[in-house]
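Structural overview
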Amino acid sequence: MTTVVFTEKNKAAAQISTILSGGSAKRSIVDGVSVYEFQRDGSLWKIMGLAGHIMGYDYPEEFNNWRDVDPAVLLDTDPVKQINKASFGSAILKISKGADLLVLACDFDREGENIGFEAKSIAEKVCNSTVKRARFSSLSKSEIEKAFNDLVEPDENMAMSAEARQILDLKMGASFTRFVTLSVRERARTKGVLSIGPCQTPTCGFVYERELAIRKFDPRDFWKIEGVFTGKGADITGVHRGGHIYDKEKADAIFKKLKGCKTAVISKKTVKEMNTNPPFPLNTNEFLKRASKYLGVSPDQALEIAEQLYLSGFTSYPRTETNMYADDMDFASILKGFTKGDYQDFALLLLSQKAIVPRNGKKDGHDHPPIHPIKAGSRMEVERAVKMPRAWDVYDLIVRHFIANLLPPAIFEKTRFEITMVDELFDSTGSIQNNAGWLAVYPFEKPQDKILPELDLGEILDVKKVTNIKAQTTPPKRLTEAELLTLMDKHGIGTKATAPSHIETNKKRGYFEVKGKTIAILDTGFTLMDALNSSVSILVKPDIRSSIESLIQDVEDGTKKFELALEEGTSLIKGMYSQLLSNRDLMVTRIAGTITDEAVETDKKNHIGKCSECERVLHIITTDKGRFVGCTGYPQCKNTFPLPKTGALAVQRSRTCKKGGAAVLKVGSKYFWAVGIGPCFSCDMEKECYPPEVVGACPACDGQTFLITTKDSRFLGCTKRCGHTQSVPKNGRLTITDKVCGGCGWRWLRVKEQGKDAKEYCANRKCEVAAQMRSSYRKK
DNA sequence: GCAAGGTC
């Protein structure tokens, strides 16, 4: 009798083999895939680990040419499932031949069930055996043995629900992406793909919604009354209990009443001890959020580093929903590794305790334990094993979080004074950390102590100052990556393993970018979301994911047939598609416009600036007949300006025309030209715009020395034309710096020749400092 | 060249 077992990954196969064989399993390689073999209960067992999905859906070959196939056709075409990891396919065939029992032992979730069925569908080509399912939530000995002693039936509904998701995701993604991309390409020159998907689009939608809120925000004035009081020689600031007062008259009335008042009294005093609990153990989502918030490491990068740390044996498996430890978790043996080095004080403290108790969360994904260190490593060891920037920081975060979770709460003493002035109340609060607890090992969250003076109830205070401050409400802030991950998690967008990839997709498509820790939407992303929002608003919201999710949940529950769910899902997508189709023109015009504008703006050589007649962009257009400045809004916008016929044009970014020209261009090396106005030398404001570049007082008269640039030379001359001249270096770019020479009071020159370091020295050749500097450069 | 989901 032969039993063949499939697990989701090699690690599980190895672990399960060890448990079921009592350590006697032998590993062999079949087509590059590890297989563990052993005898058990008089039967031969072969256990093979897959690599997640080994099959995937795609459209048949003849649908691959975007231009030949109407995207709508994809909605009526069924994609086909194919093996996309060939070595696994052939290995399954080899080991399954003649098997008497197949056991699917992938992760106990929807995708796991589906992955098991992928292996089953391949194996069944060469054997006709019973198929069973082993269900376990952890790789512990007791659970694995129990699962293999109580094999159950595979859950076809569960597997098929994942199947439905794959098909619907692909149908929607492929048809919408092709439709939008091809439509926009009719009007804008771009090679880029404008993708749409049930996870990536709502992810961008969150960023878009926040951007809308920021743009729509209308600031409101408010007034805030504050008092500064003195008691026992110390100052104490109180804020009027009215907080933000939006009514100016009301604020003025209170302020007027308090004016001239000399004393106030402490009318209430409370001192409370407050605990701040340590954080829950890290699941993937929480880990990614904290890596972004504390370290500024992107979720994508953080997951990759955690993966490498895991493969190097430093930390546990990084993809888990669970934020609570199992009862038999052995904290002590992990902590023993940390009794030397950076964390030794904390490790020793915990090991000296009778019991080590984590502060557990409530999420149990029945998958893997929370992310925690497996072995201790020094910075050098970690960096040698994981060659990625910030690897150590990520490891340090995981270790500190692990230890923090086991330490006692931080204790604060929070003091609150109520101060009464006439009959108006002010509040003042402060807190002092009495016991750092877990915060001692967790420098990422450092609460600030605010110490209040020791005052008693009934104490009379002198009023030092009362202010009525006008302020304005501030717009909402841009989302951080950590906040975006929270939103995605809350709305069920993506999974623990895929959330970072949806963020990456949006970055790659040029929909948004990350600036520091916050996410800024880009024009393409905003216009696309805006267009979708006004035609198929469900796409921009998390609803699209949840409506597909509820369909496939019904399949999993057995309340809806797979075929019916596909049909309903497809018609849902078709409905959205036709809405998109009916808004095509508007959508295309707007997106194509934005893409053109963006392309023009990044074409620095020809980009002039914003159009004065419309919302679009001016740029230099060169045709075989000549050149001129035109607008991207053409033909609706006919705003144009002439340009000189000859001479190389260079847009002067730092110069603006005082007469209101659209931009200033340098023509050849000869003269300047203001777009819309004409050559600067014919302008009556030329002297103001191009004042002489003075370097210092003329040594021969009371004039000033300035830089004179002609067609073929440059030198220093006098503003009073007294005849005094000096030479300047012939080669290189010359700038007059702000630096003033200590020797003669002239300005310093900066000379930068191509391929050489810039030199800086005093402009005055007769100055001693300059002579010294020049000779020192020569020596070099 | 399109999606999202596993894992390496």
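Residues numbered from 1 in each chain as written. Chains lettered and ligands numbered in written order. Predicted model: local features only at pLDDT ≥ 70, side-chain atom pairs only at ≥ 80, totals over all residues. Heavy atoms only, no water.

Another aspect to go through is the side chain of Gln726. Mapped onto the elements, Gln726 comes out in strand β28 (residues 726-727). A distance of 2.9 Å separates a polar atom in the side chain of Gln726 from a polar atom in the side chain of Asn764. Here Gln726 is in contact with Phe715, Leu716, Trp746, Ala763, Asn764, Arg765 and Lys766, once residues within four sequence places are set aside. (Helix = DSSP H or I, 4+ residues; strand = E, 2+ residues; numbered from the N terminus. Polar contact = N/O pair within 3.5 Å; in protein donor to acceptor, adjacent residues only side chain to side chain. Contact = heavy atoms within 4.5 Å.)

Moving on, we come to the UniProt feature "domain: Topo IA-type catalytic" (unreviewed entry) in chain A. Here the UniProt feature "domain: Topo IA-type catalytic" (unreviewed entry) sits at residues 155-577. From the first C-alpha to the last, residues 155-577 spans 33 Å; its make-up is 44% helix and 18% strand. (UniProt positions renumbered as here; feature names shortened; annotations may be inferred.)

So, on to the nonpolar core. Ranked by internal contacts, the top residues of the largest apolar core, which has 99 residues, are Phe176, Val180, Phe287, Leu309, Leu335, Ile403 and Leu484. When residues of this core are assigned to their parent elements, the largest contribution, 11 residues, is made by helix α14 (residues 391-406). In terms of nonpolar packing, the next biggest core, distinct from the first, is built from 25 residues, Val4, Val30, Val35 and Ala159 among them. (Core = buried A, V, L, I, M, F, W, Y, C linked by side-chain atoms within 4.5 Å. Buried < 20%, exposed > 50% of the residue type's maximum accessible area, 1.4 Å probe, protein only.)

This part covers the pattern of salt bridges. A full pass over the atoms with the stated rule returns 44 salt bridges. Residue Arg584 is joined to Glu186 by a salt bridge in which the shortest nitrogen-to-oxygen separation is 2.8 Å. On the criterion of sequence distance, the pair formed by Arg584 in helix α21 (residues 584-602) and Glu186 in the loop between α6 (156-185) and α7 (200-216) is long-range, its members being 398 residues apart. Judged by its relative accessible area of 24%, Arg584 falls in the partly exposed class. For Glu186, a relative accessible area of 57% puts it in the exposed group. The partner of Lys289 in a salt bridge is Glu286, and the shortest N-O contact between them spans 3.7 Å. With Lys289 and Glu286 both in helix α9 (residues 284-295) and three residues apart, the pair spans about one turn of that helix. A relative accessible area of 15% means that Lys289 is categorised as buried. Owing to a relative accessible area of 24%, Glu286 belongs among the partly exposed residues under this scheme. Sharing partners across several salt bridges, the network here consists of Glu111, Arg165, Asp169 and Arg545. (Salt bridge = Lys/Arg side-chain N within 4 Å of Asp/Glu carboxyl O.)

Another aspect to go through is the protein's contact with DNA strand B. Close to DNA strand B lie 36 residues, the nearest being His53, Lys85, Arg178, Arg185 and Glu307. Taken together, the sugar and phosphate atoms account for 61% of what DNA strand B places within 4 Å of the protein. The separation between a phosphate oxygen of DNA strand B and a polar main-chain atom of Pro198 is 3.3 Å. One nitrogen or oxygen atom from the side chain of Arg509 is found 3.2 Å from a phosphate oxygen belonging to DNA strand B. Put simply, the parts of the chain that give the surface near DNA strand B at least two residues each are β5 (55-58), α6 and α10 (299-311). It is α6 that provides the largest number of residues to the surface near DNA strand B, a total of eight residues. Considered class by class, the residues forming the surface near DNA strand B number 11 nonpolar, 12 polar and 13 charged. (Near = heavy atom within 4 Å. Nonpolar A, V, L, I, M, F, W, Y, C, P; charged D, E, K, R; others polar.)

Before going further, it helps to examine the side chain of Thr3. By the secondary structure assignment, Thr3 is in strand β1 (residues 2-7). In contact with Thr3, not counting residues within four places along its chain, are Ser43, Leu44, Trp45, Lys46, Leu101 and Val103.

One way to put it is that helix α3 (residues 86-96) packs onto helix α4 (residues 110-123) with a least axis distance of 9 Å and a crossing angle of 60°. What the angle tells us is that α3 and α4 run oblique. Handedness of the crossing formed by α3 with α4: right-handed. Only Ala119, Ile122 and Ala123 of α4 make contact with α3, whose side of the interface consists of Gly89, Ile92, Leu93 and Ser96. Grouping the constituent residues of the contact of α3 with α4 by class yields five nonpolar, two polar and no charged. (Axes fitted to C-alpha atoms, helices over the stretch in contact; angles between N-to-C directions. Parallel < 35°, antiparallel > 145°, perpendicular 65-115°, else oblique. Left-handed = near helix turned anticlockwise from the far one by under 90°.)

With that settled, the discussion passes to the pairing of β1. For β1, the tally of buried residues reaches six of six residues, placing the bulk of the element in the interior. Of the two faces of β1, the one lined by Thr2, Val4 and Phe6 and the one lined by Thr3, Val5 and Thr7 are each fully buried. In terms of strand pairing, β1 meets strand β4 (residues 43-49) through six bridges, oriented parallel. When the sheet's bridge partners are listed, Thr3 is paired in β4 with Trp45. Examined bridge by bridge, β1 and strand β7 (residues 101-105) share five bridges and lie parallel to one another. Note on β7: the bridge partner recorded for Val4 is Leu102. (Pairing = 2+ DSSP bridges.)

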